[in-house]
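Overview (structure and organization)
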Amino acid sequence: MTSSTLDRLLFLHGGGVMEVCGSSSVTLREFGCEQSLLSRPDGSASFIQGDTSVLAGVYGPAEVKVSKEIYDRATLEVLIQPKVGLPSVRERSQEQCVRETCEASLLLSLHPRSSLTLILQVLHDDGSLLSCFLNAACMALMDAGLPMSCLFCGVTCAIDTDGQIITDPTAAQEKESRALMTFAIDSTERRVLMSSTKGSFSVHELQQCIAVSQKASEKIFQFYRDSVRRRYSKTL
């Protein structure tokens, strides 16, 4: 799906949060997060969604190669390491999704001619991996103290053969679904920063999944706040 198509769909609803109707329930698996796990990166975080877990590390701002230098903003590179083996086409596609989301929220113009590197390591994949990448990335960027215009989170929705929407699906539920969608939602206006879709679905089903994702993002952003509050309450 092109961004212009998605923009038109959002415009139909005023670009705001759509109402969730029908029998779709917003249920998410248990979350877990820990920041500053690693000593070498400038920021790090582990994020767990059910049995899916990802480790993220952020390096920079640092010196950038001349060939990659951008005069008015920082260069952002995202690298995804699978649990076993070498990165494939799937990882390259996920890297692009994460990079586009991070670029939409980071204030890269404050660090011109510099480099930022985000490395994501898969620890275990039991579904909704791309949304777990996004959530781990956001928490690692926060831990690094990088300036951001907004926070973001990832929500994955699956549509089963009966047309029901499943949020934060497991790997088994993804395999049985006829459509799979992941959205990156911002924390200020609940806008869709990025979308990744697979399978067959109608325009109405897409709109419903966006609405469900916007609703689910409230729980994730609340988890962010609670997680950071717990961390810093120990140091005060």
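Okay, so let's go over this structure. Just so we're clear, the structure is a prediction, and the values are computed from it rather than from any experiment.

About the criteria used
Residues numbered from 1 in each chain as written. Predicted model: local features only at pLDDT ≥ 70, side-chain atom pairs only at ≥ 80, totals over all residues. Heavy atoms only, no water. Pairing = 2+ DSSP bridges. Helix = DSSP H or I, 4+ residues; strand = E, 2+ residues; numbered from the N terminus. Axes fitted to C-alpha atoms, helices over the stretch in contact; angles between N-to-C directions. Contact = heavy atoms within 4.5 Å. Salt bridge = Lys/Arg side-chain N within 4 Å of Asp/Glu carboxyl O. Buried < 20%, exposed > 50% of the residue type's maximum accessible area, 1.4 Å probe, protein only. Core = buried A, V, L, I, M, F, W, Y, C linked by side-chain atoms within 4.5 Å. Expected span 1.5 Å × (residues − 1). Polar contact = N/O pair within 3.5 Å; in protein donor to acceptor, adjacent residues only side chain to side chain.

The pairing of strands in a sheet happens through backbone hydrogen bonds and is either parallel or antiparallel. If you walk across this open sheet you meet the 4 strands as 7-6-8-9, and the pairing is antiparallel. Two strands lie at the open edges of the sheet, namely strand 7 (165-167) and strand 9 (192-199), each paired on one side alone. Pairs of neighbouring strands in the sheet enclose a mean axial angle of 20°, with direction left out of account. Summarising the sheet, strand 6 (residues 152-159) and strand 8 (residues 179-186) pair through 8 bridges and their orientation is antiparallel. Bridge pairing links Gly-154 to Ala-184 in strand 8. In the packing of helix 2 (residues 89-105) onto the sheet, contacts are made with strand 6, strand 8 and strand 9, and the angle to strand 9 comes to roughly 165°. Running at roughly 170° to strand 6, helix 3 (residues 129-144) makes contact with strand 6, strand 8 and strand 9 of the sheet.

In this section: the pattern of salt bridges. Enumeration over the complete set of coordinates arrives at 11 salt bridges. Among the ionic pairs, Arg-29 bridges to Asp-168, the shortest N-O distance being 3.1 Å. Of this pair, Arg-29 sits in the loop between helix 1 (3-11) and strand 1 (31-35) while Asp-168 sits in the loop between strand 7 and helix 4 (171-176), and the two are 139 residues apart along the sequence. Like Asp-168, Arg-29 is buried. Here Arg-92 and Glu-95 are joined by a salt bridge, their closest N and O atoms 2.9 Å apart. With Arg-92 and Glu-95 both in helix 2 and 3 residues apart, the pair spans about one turn of that helix.

Looking at soluble globular proteins, one finds that nonpolar side chains tend to be buried together. Judged by nonpolar contacts, the single largest core of 56 residues is most densely connected at Val-98 and Leu-120. For this core, the element with the most residues is helix 3, which contributes 12 residues. Not counting chain neighbours up to four residues away, the residues in contact with Leu-120 comprise Val-54, Leu-55, Ala-56, Val-78, Leu-79, Ile-80, Gln-81, Val-98, Phe-133, Ala-136 and Ala-137.

This paragraph deals with the pairing of strand 3 (residues 52-62). The pairing of strand 2 (residues 43-49) with strand 3 spans 7 bridges and is antiparallel. Within the sheet, the bridge partner assigned to Ile-48 lies in strand 3 and is Ser-53. In sequence, strand 2 turns back onto strand 3 through a hairpin of 2 residues, with Gly-50 there showing a positive phi of about 65°. Here 8 bridges tie strand 3 to strand 5 (residues 115-124), and the two strands are oriented antiparallel to one another. Counted as the bridge partner of Ala-56 is Leu-120 from strand 5.

The next subject is helix 3. Relative to the 22 Å expected for 16 residues at 1.5 Å per residue, helix 3 spans 22 Å between its end C-alpha atoms, a close match to the ideal helical length. Counting buried residues along helix 3, 15 of its 16 residues qualify, which places the element largely inside the surrounding structure. Looking one or two places after helix 3, you find Gly-145, whose phi comes out positive at around 75°.

Checked against the element boundaries, Ser-44 lands in strand 2. Among the polar contacts made by the side chain of Ser-44, one reaches the main-chain amide nitrogen of Leu-37 at a distance of 3.0 Å. For Ser-44, the side chain forms a polar contact with the main-chain nitrogen of Leu-38, separated by 3.1 Å. In this view, Ser-44 contacts Glu-34, Gln-35, Ser-36, Leu-37, Leu-38, Ala-56, Gly-57, Ala-140 and Asp-143; residues no more than four positions away in its chain are not counted.

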